[in-house]
Amino acid sequence: KRRSWPPTNGNGRCAPTPVCWPGPWSGAKSLFLNPGGVFLFDVNTEFKLKGLDRQAFVRDTEQVYCIWQAFYNPKSRLCRYVFDLFERGEDGLYERFREEHRERAYSAEKLTSLLCQAGLTPVGVYGAFSDKAPAKDEERIFLVARKPQ
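Residues numbered from 1 in each chain as written. Predicted model: local features only at pLDDT ≥ 70, side-chain atom pairs only at ≥ 80, totals over all residues. Heavy atoms only, no water.

A. Representation of the overall build of the protein in the model. Scanning the protein for helices and strands turns up two helices and eight strands. Its helices and strands taken in sequence order, the protein reads β-β-α-β-β-β-β-α-β-β from the N to the C terminus. Expressed as a percentage of the 149 residues in the protein, the buried residues total 34%. In the protein, the share of contacts with a sequence separation of at least 24, taken over all contacts with a separation of at least 6, comes to 47%. Here the protein has roughly 9600 Å² of accessible surface; of this, 51% comes from carbon and sulfur atoms. (Helix = DSSP H or I, 4+ residues; strand = E, 2+ residues; numbered from the N terminus. Buried < 20%, exposed > 50% of the residue type's maximum accessible area, 1.4 Å probe, protein only. Contact = heavy atoms within 4.5 Å. Areas by Shrake-Rupley, 256 points an atom, 1.4 Å probe, with all protein chains shown as cover.)

Listed below in structure tokens is the structure:
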């Protein structure tokens, strides 16, 4: 499934959602960056996805009641999220919807390699909202790459 990126002037991109979809990784290849443009994105780490395994979450608002569970498979490195949503209609009755999302765990090394394959120059890998290298128990990392001049 193709992702649509927010419009920019070509000098920089910031991915609005994690780029860990499970299909062939071609996200960086589809970026339209000017030479010297910067691509900044974040991903959930395998540490975080492992910690989500078999966890259940609930969100209750006036309009929607949502229950979701996460299931992590270390062999495939896929985390599957199953959402059951109950949306209140104008008549006050709830309609049930089910969604499933998948997210693949990539190591920083693998992502750096993929960025290089896509013709981008890695600039850095950082812990969440930090200018330091990620810790082993980091739940989210940020990667920065630049399109060569």
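B. Structural detail: the pairing of strand 5 (residues 78–88). Of the pairings in the sheet, the one linking strand 4 (residues 64–73) to strand 5 comprises 10 bridges and is antiparallel in character. If you follow Tyr65 over to strand 5, its bridge partner there is Phe86. In this structure, the hairpin formed by strand 4 and strand 5 is closed by a connection of four residues, where Arg77 is found at a positive phi of approximately 60°. Pairing of strand 5 with strand 6 (residues 94–104), which is carried by 11 bridges, proceeds in the antiparallel orientation. From the neighbouring strand, Tyr81 faces strand 6, where its bridge partner is His101. Here strand 5 folds back onto strand 6 in antiparallel fashion, the turn holding five residues, of which Gly92 has a positive phi close to 90°. (Pairing = 2+ DSSP bridges.)

C. Spotlight on the side chain of Glu103. With respect to the secondary-structure elements, Glu103 resides in strand 6. We note that Glu103 is buried and unpaired, the nearest opposite charge coming from Lys48 at a distance of 7.0 Å. A polar side-chain atom of Glu103 sits 2.9 Å from a polar atom in the side chain of Asn44. (Lys, Arg positive; Asp, Glu negative; His and termini not counted. Salt bridge = Lys/Arg side-chain N within 4 Å of Asp/Glu carboxyl O. Polar contact = N/O pair within 3.5 Å; in protein donor to acceptor, adjacent residues only side chain to side chain.)

D. How the structure looks around the nonpolar core. Ranked by size, the top nonpolar core spans 13 residues in total, and within it Phe39, Phe41, Val43, Leu111, Leu115, Leu120 and Leu143 carry the most contacts. Elements represented by at least two residues in this core include exactly strand 2 (38–44), helix 2 (108–117) and strand 8 (140–146). The leading source of residues in this core is helix 2, at four residues. (Core = buried A, V, L, I, M, F, W, Y, C linked by side-chain atoms within 4.5 Å.)

E. Representation of the sheet that holds strand 3 (residues 56–60) within the structure. Taken together, four strands build an open sheet; the order of strands is 3-4-5-6 and the sheet is antiparallel. With partners counted over all chains shown, the strands left at the sheet margins are strand 3 and strand 6, one partner each. Across the sheet, the mean angle separating the axes of adjacent strands is 15° when strand polarity is ignored. (Axes fitted to C-alpha atoms, helices over the stretch in contact; angles between N-to-C directions.)

F. Structural context of the pattern of salt bridges. Taken as a whole, this structure holds six salt bridges when the rule is applied. The partner of Asp42 in a salt bridge is Arg140, with the nearest N and O atoms 2.5 Å apart. Residue Asp42 is found in strand 2, and its partner Arg140 is found in strand 8; the two are separated by 98 residues along the sequence. Residue Lys132 is joined to Asp131 by a salt bridge in which the shortest nitrogen-to-oxygen separation is 3.8 Å.

G. The arrangement of helix 2 in detail. Along helix 2, the residues that are buried comprise Ala108, Leu111, Leu114 and Leu115. All buried residues of helix 2 project into a common sector of 125° when viewed along the axis, lining one side. Residues of helix 2 that are exposed and point over 90 degrees away from its buried face: Glu109 and Gln117. If you follow the buried residues of helix 2, they end up packed against strand 2, strand 7 (121–127) and strand 8. Note on helix 2: the residue one or two positions beyond its end, Gly119, has a positive phi of about 85°. (Arc of directions from axis to C-beta.)

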